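Residue-level structure breakdown
Chain by chain, the residues:
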Amino acid sequence: MRFCLVGVANTAVHYAIYIALWFVVPYLVAHLVAASVAMAVSYLLNCYYTFRVAPTLLKFLLYPLSNLTNLALSAAAVYTLVEYAGVDSRIATFAGGVVAVPATFLVSRFVLTRTSLVVGRADGGGQASEEPSSAARRSRSSGNSC
């Protein structure tokens, strides 16, 4: 549920930036810039509110990289809806975001709660920690989804 609330806030940030840029740049450029800014906001909100983990430079650098799938899916959806389905570009950006939600949640949870497995964080003895965070355990056990 927290991920969904962050998503709503993130959508508002994205759309506000998108509409502001929509008047001065092509719609796809506006979408990519808005998505990039919204991704940074999403990172901070997901760290502090959704997964309750400390933000780190490493996670910040990995988070956008891991969300390239999200950006590609949403941009492809926006482009397809505008160019082939004739949907207004101001509306298509919402649908693009919806298409990417499931993949975004899974990748975000992995990057923010399991980064130590990816980079081999040393826990004293030089071994990577395989114990998921308490937030990750709660998230898996609660079964909440959007």
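In this report, we go over the structure that sits alongside the text. (Residues numbered from 1 in each chain as written. Predicted model: local features only at pLDDT ≥ 70, side-chain atom pairs only at ≥ 80, totals over all residues. Heavy atoms only, no water.)

1. Overview of the overall build of the protein chain
- Along the backbone of the protein chain there are six helices and zero strands.
- Along the protein chain, helices and strands appear, N-terminal first, in the series α-α-α-α-α-α.
- Within the span of the protein chain, comprising 146 residues, buried residues form 32% of the whole.
- Within the protein chain, contacts between residues separated by at least 24 positions form 64% of all contacts whose residues are at least 6 apart in sequence. (Helix = DSSP H or I, 4+ residues; strand = E, 2+ residues; numbered from the N terminus. Buried < 20%, exposed > 50% of the residue type's maximum accessible area, 1.4 Å probe, protein only. Contact = heavy atoms within 4.5 Å.)

2. Description of the packing of helix 2 (residues 27-50) against helix 4 (residues 68-83)
- Taken N-terminus to C-terminus, the directions of helix 2 and helix 4 make an angle of 155°; their axes are 11 Å apart at the nearest point. In terms of orientation, helix 2 and helix 4 fall into the roughly antiparallel class. With respect to the hand of their crossing, helix 2 and helix 4 are arranged in right-handed fashion. Across from Tyr-27, Leu-28, His-31, Leu-32 and Ala-35 in helix 2, the residues of helix 4 making contact are Leu-71, Ser-74, Ala-75, Val-78, Tyr-79, Val-82 and Glu-83.
- Here the residues of the contact of helix 2 with helix 4 are counted per class, giving nine nonpolar, two polar and one charged. (Axes fitted to C-alpha atoms, helices over the stretch in contact; angles between N-to-C directions. Parallel < 35°, antiparallel > 145°, perpendicular 65-115°, else oblique. Left-handed = near helix turned anticlockwise from the far one by under 90°. Nonpolar A, V, L, I, M, F, W, Y, C, P; charged D, E, K, R; others polar.)

3. Considerations on the nonpolar core
- Membership of the largest hydrophobic core is limited to ten residues, which are Phe-3, Met-39, Tyr-43, Cys-47, Phe-51, Val-53, Tyr-63, Phe-105, Val-111 and Leu-112.
- Taken together, the elements giving at least two residues each to this core come down to helix 2 and helix 5 (89-119).
- Apart from residues lying up to four places away in sequence, Met-39 is in contact with Asn-10, Tyr-63, Pro-64 and Asn-67.
- In this structure, Tyr-18, Ala-30, Ala-34 and Val-82 belong to the second largest nonpolar core, which totals seven residues. (Core = buried A, V, L, I, M, F, W, Y, C linked by side-chain atoms within 4.5 Å.)

4. Regarding unusual backbone geometry
- At Arg-52, a residue that is not glycine, the phi angle is positive and equals roughly 50°.
- One can find Arg-52 in the loop between helix 2 and helix 3 (57-66).

5. Thoughts on the packing of aromatic side chains
- Overall, the coordinates contain eight aromatic pairs when judged by the stated rule.
- With a centroid separation of 4.8 Å and 75° between ring planes, the pair formed by Phe-3 and Phe-105 is classed as edge-to-face. In this pair, Phe-3 is assigned in helix 1 (residues 2-22) and Phe-105 in helix 5, connecting sequence segments 102 residues apart.
- Since its relative accessible area comes to 12%, Phe-3 is described here as buried.
- On the numbers, 6.2 Å between centres and 35° between planes, the contact of Phe-51 with Phe-105 is tilted. Separated by 54 residues along the polypeptide, Phe-51 in the loop between helix 2 and helix 3 and Phe-105 in helix 5 bring together distant segments of the chain. Taken individually, Phe-51 and Phe-105 each receive the classification buried, so the pair is uniform in this respect.
- Among the aromatic residues, those joined into a cluster by ring pairs are Phe-3, Phe-51 and Phe-105. (Phe/Tyr/Trp six-rings, centres within 6.5 Å; stacked < 30°, edge-to-face > 60°.)

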